[in-house]
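# Coordinate analysis (summary)
Here is what each chain is made of, one letter per residue.
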Amino acid sequence: MNIIHISFDFPDPINPRKTKAVANLIEAQSKYQNVVFSLNRSTNIFSDYLFKKKDNIYYGRIWGLPYGIGLRISMFIAYKRIFQILKNENIKVSLIHAHKLTFEGIVAYFLTKKLNVPFILTFRGDTDLKLLSYKIELRHLYKKILKKSKKIIFLAPWPINSLKNHYQSSFFENKSIVLPNIISINDSENKNTESKRSNFLTVFHLNSYKRKNIKRLILAFSNFCEYNEDVFLDIVGGGSKLSVKIINKFIENTKFPNRIRLLGEKSHIEVLKIYSSYLGFVLPSYPETFGLVFIEALNAGTPILYSKNSGIDGFFQNKKIGEKVTYTSIKEISDSLLNIYTSNEEYLCEIRSLKKTNSFEKFTFKSVSNTYVNSVIEGVKD
């Protein structure tokens, strides 16, 4: 059984810096043969558009304009090129996995009609909902793709209702499954979960300051400082000189600039070690497709502040793991900081209880692998 994976988000020699979320999921499935088609959009007509092969990965550039202009045409071109490779290499296809609805899903839809094989897809809350919002002319096609797919993977619970709202229907629910990104749950870096905590922490790449909603967080923290004299906000992350300058400007324009500290970039291991020394991990970013940093913080025993209808929203319903906020409301963010500060022990107690019942195991390699193979792939065969 050969599973064909189609993704614009797979690290390859053209762009090895892409996030490893898709690669981790593919790696988690070793029962069947994986064949990966890694796509890279290019607007340069003089680019090298020949596909190359490395092990089981075919990678290449696909012509495409920004903002989804001519999207259906460029995805049709991608389909034709992938089909030609499958034909020339005599690759037998048993199942196709499109790792996004709005781009790769179109390619899979054309392929499955040509090859008469089933396909599954991942619905990525951020990109897919954004495209559904402004590519009105493609909504009917996307509905056909959703209907024809055998399984739909959601990385978190919250996009399910958002998708329902787009189509005023739940026609896809009976074949939907929540399958989070894989996270390394390692408690060896979190030995001081019972130590005294102080201050708030946020971690992100500083170039993403707009998406991470850092200006509102800084303003909200400044409001919080009116009532608390000894708490700091530590910002961890690297970025360009311009991003650092802009964020410093945000800080300087508050009443309490000395209470917000830019600590610079730290390694992943260093970040894992410091989570447990903070009152809370705070990042009201929007949109956020998943957000593994929130799970890492929780696994370290640290309460979180996160946005509604974004990131990990829906995974821990009715559990006091932190504060869920409307990302546009500075007051709500400020009030939530105060709640985490004044009731910190309650949050810590709830998170300790979740850890004792292995509630974070669903994010591990083993759990995601078992679900992917047994409930998704095997489910298609059934």
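Refer to the structure presented above.
We now turn to the structure provided with this report. (Residues numbered from 1 in each chain as written. Predicted model: local features only at pLDDT ≥ 70, side-chain atom pairs only at ≥ 80, totals over all residues. Heavy atoms only, no water.)

## Points about the sheet that holds strand 1 (residues 2–7)
A sheet is described by the order of its strands in space; here 8 strands give the open sequence 3-4-2-1-5-6-7-8, paired in mixed fashion. Both outer strands of the open sheet, strand 3 (52–54) and strand 8 (176–178), are each paired with one neighbouring strand and no more. The sheet shows a mean angle of 20° between the axes of neighbouring strands, taken without regard to direction. Two elements, strand 1 and strand 5 (residues 95–98), share 4 bridges in a ladder whose sense is parallel. (Pairing = 2+ DSSP bridges. Helix = DSSP H or I, 4+ residues; strand = E, 2+ residues; numbered from the N terminus. Axes fitted to C-alpha atoms, helices over the stretch in contact; angles between N-to-C directions.)

## Section: the environment of Ala-297
With respect to the helices and strands, the residue Ala-297 is situated in helix 10 (residues 292–299). On the accessibility criterion, Ala-297 (0% relative accessible area) is buried. Put simply, Ala-297 and Leu-201 are 96 residues apart on the chain and 9.8 Å apart in space, counted from C-alpha to C-alpha. Not counting chain neighbours up to four residues away, the residues in contact with Ala-297 comprise Tyr-275, Phe-281, Thr-302 and Ile-304. (Buried < 20%, exposed > 50% of the residue type's maximum accessible area, 1.4 Å probe, protein only. Contact = heavy atoms within 4.5 Å.)

## Things to note about helix 5 (residues 139–148)
Those residues of helix 5 that sit buried are Leu-141, Tyr-142, Ile-145 and Leu-146. Taken end-on, helix 5 shows its buried residues confined to a sector of 140°, consistent with a single buried face. On its buried face, helix 5 is in contact with helix 2 (71–88), helix 3 (104–115), strand 6 (119–123), helix 4 (125–134), strand 7 (152–154) and helix 6 (158–167). (Arc of directions from axis to C-beta.)

## So, a nonpolar patch on the surface
A grouping of Ile-45, Phe-46, Trp-63, Leu-65, Tyr-67, Ile-69, Ile-73, Ile-77 and Tyr-134 is seen on the molecular surface, where their side chains present a nonpolar patch of about 990 Å² in accessible area. If you trace the backbone, Ile-77 turns up in helix 2. (Patch = residues over 30% accessible without salt bridge, like charges linked within 9 Å, V, L, I, M, F, W, Y side chains within 5 Å. Areas by Shrake-Rupley, 256 points an atom, 1.4 Å probe, with all protein chains shown as cover. Salt bridge = Lys/Arg side-chain N within 4 Å of Asp/Glu carboxyl O.)

## Quick word on helix 4
Of the residues making up helix 4, those classed as buried are Gly-125, Asp-126, Asp-128, Leu-129, Leu-131 and Leu-132. Of the surrounding secondary structure, the elements contacted by the buried residues of helix 4 are helix 2, strand 6, helix 5 and helix 6.

## Thoughts on the sheet that holds strand 13 (residues 304–307)
The strand order 11-10-9-12-13-14 describes an open sheet built from 6 strands, whose pairing is parallel. Both outer strands of the open sheet, strand 11 (260–264) and strand 14 (322–325), are each paired with one neighbouring strand and no more. Between one strand axis and the next, the sheet turns through 25° on average, direction left out of account. Where strand 10 (residues 233–236) and strand 11 come together, 4 bridges link them in parallel fashion.

## A look at the pairing of strand 1
Taken across its 6 residues, strand 1 has 6 buried, putting it largely inside the fold. Two strands pair when backbone bridges link them, and strand 1 and strand 2 (residues 33–42) are joined in this way by 6 bridges, in the parallel orientation. Pairing of Ile-3 across the sheet is with Asn-34, part of strand 2. Crossover handedness for the path strand 1 to helix 1 (residues 21–27) to strand 2: right-handed. (Right-handed = clockwise from strand over helix to strand, strands pointing away.)

## Digging into a positive patch on the surface
Taken together, the side chains of Arg-72, Lys-113, Lys-144, Lys-148 and Lys-150 make up a positively charged region of the molecular surface. Of note, Lys-148 is situated in helix 5. Residue classification places Lys-148 among the partly exposed positions, given a relative accessible area of 40%. (Lys, Arg positive; Asp, Glu negative; His and termini not counted. Charge placed at Lys NZ, Arg CZ, Asp CG, Glu CD.)

## What to know about the packing of helix 2 against helix 3
Where helix 2 meets helix 3, the axes come as close as 8 Å, and the angle between the chain directions of the two elements is 45°. By the criterion of interaxial angle, the relationship of helix 2 to helix 3 is oblique. Viewed along their axes, helix 2 and helix 3 form a crossing whose handedness is right-handed. The segment helix 2 lies against helix 3, with Leu-71, Arg-72, Met-75, Phe-76, Ala-78, Tyr-79, Ile-82, Phe-83 and Leu-86 engaging Ile-106, Val-107, Phe-110, Leu-111, Lys-114 and Leu-115. Taken together, the residues that form the contact of helix 2 with helix 3 break down as 13 nonpolar, no polar and 2 charged. (Parallel < 35°, antiparallel > 145°, perpendicular 65-115°, else oblique. Left-handed = near helix turned anticlockwise from the far one by under 90°. Nonpolar A, V, L, I, M, F, W, Y, C, P; charged D, E, K, R; others polar.)

## A few points about the pattern of salt bridges
Evaluation of the coordinates by the stated rule reveals 16 salt bridges. Of the charged contacts in the structure, one is a salt bridge between Lys-100 and Glu-104, with a shortest N-O distance of 3.1 Å. When its relative accessible area of 0% is taken as the criterion, Glu-104 is described as buried. The salt bridge involving Asp-126 is made with Arg-211; its shortest N-O contact spans 2.6 Å. Placement of Asp-126 in helix 4 and of Arg-211 in the loop between strand 9 (200–203) and helix 7 (214–225) is noted, with a sequence separation of 85 residues between them.

## Observations concerning the packing of helix 5 against helix 6
Closest axis-to-axis distance for the helix 5/helix 6 pair is 12 Å, and the angle between their directions is 125°. One way to sum up the angle between helix 5 and helix 6 is to call them oblique. Crossing angle aside, the handedness with which helix 5 passes helix 6 is left-handed. Contact residues: helix 5 offers Arg-139, Tyr-142, Lys-143 and Leu-146, while helix 6 offers Leu-163, His-166 and Tyr-167.

## Comments concerning the nonpolar core
Tyr-142, Phe-200, Ile-235, Phe-281 and Phe-316 are the most contacted members of the largest nonpolar core, which totals 103 residues. Broken down by element, this core gets its largest block of residues, 8 residues, from helix 2. In contact with Ile-235, other than residues within four places in its own chain, are Thr-202, Phe-204, Leu-206, Ile-214, Ile-218, Ile-247, Ile-251, Ile-260, Arg-261, Leu-262, Leu-263 and Gly-264. One finds Tyr-32, Leu-95, Ile-177 and Val-380 within the second-largest nonpolar core, a separate group that totals 15 residues. (Core = buried A, V, L, I, M, F, W, Y, C linked by side-chain atoms within 4.5 Å.)

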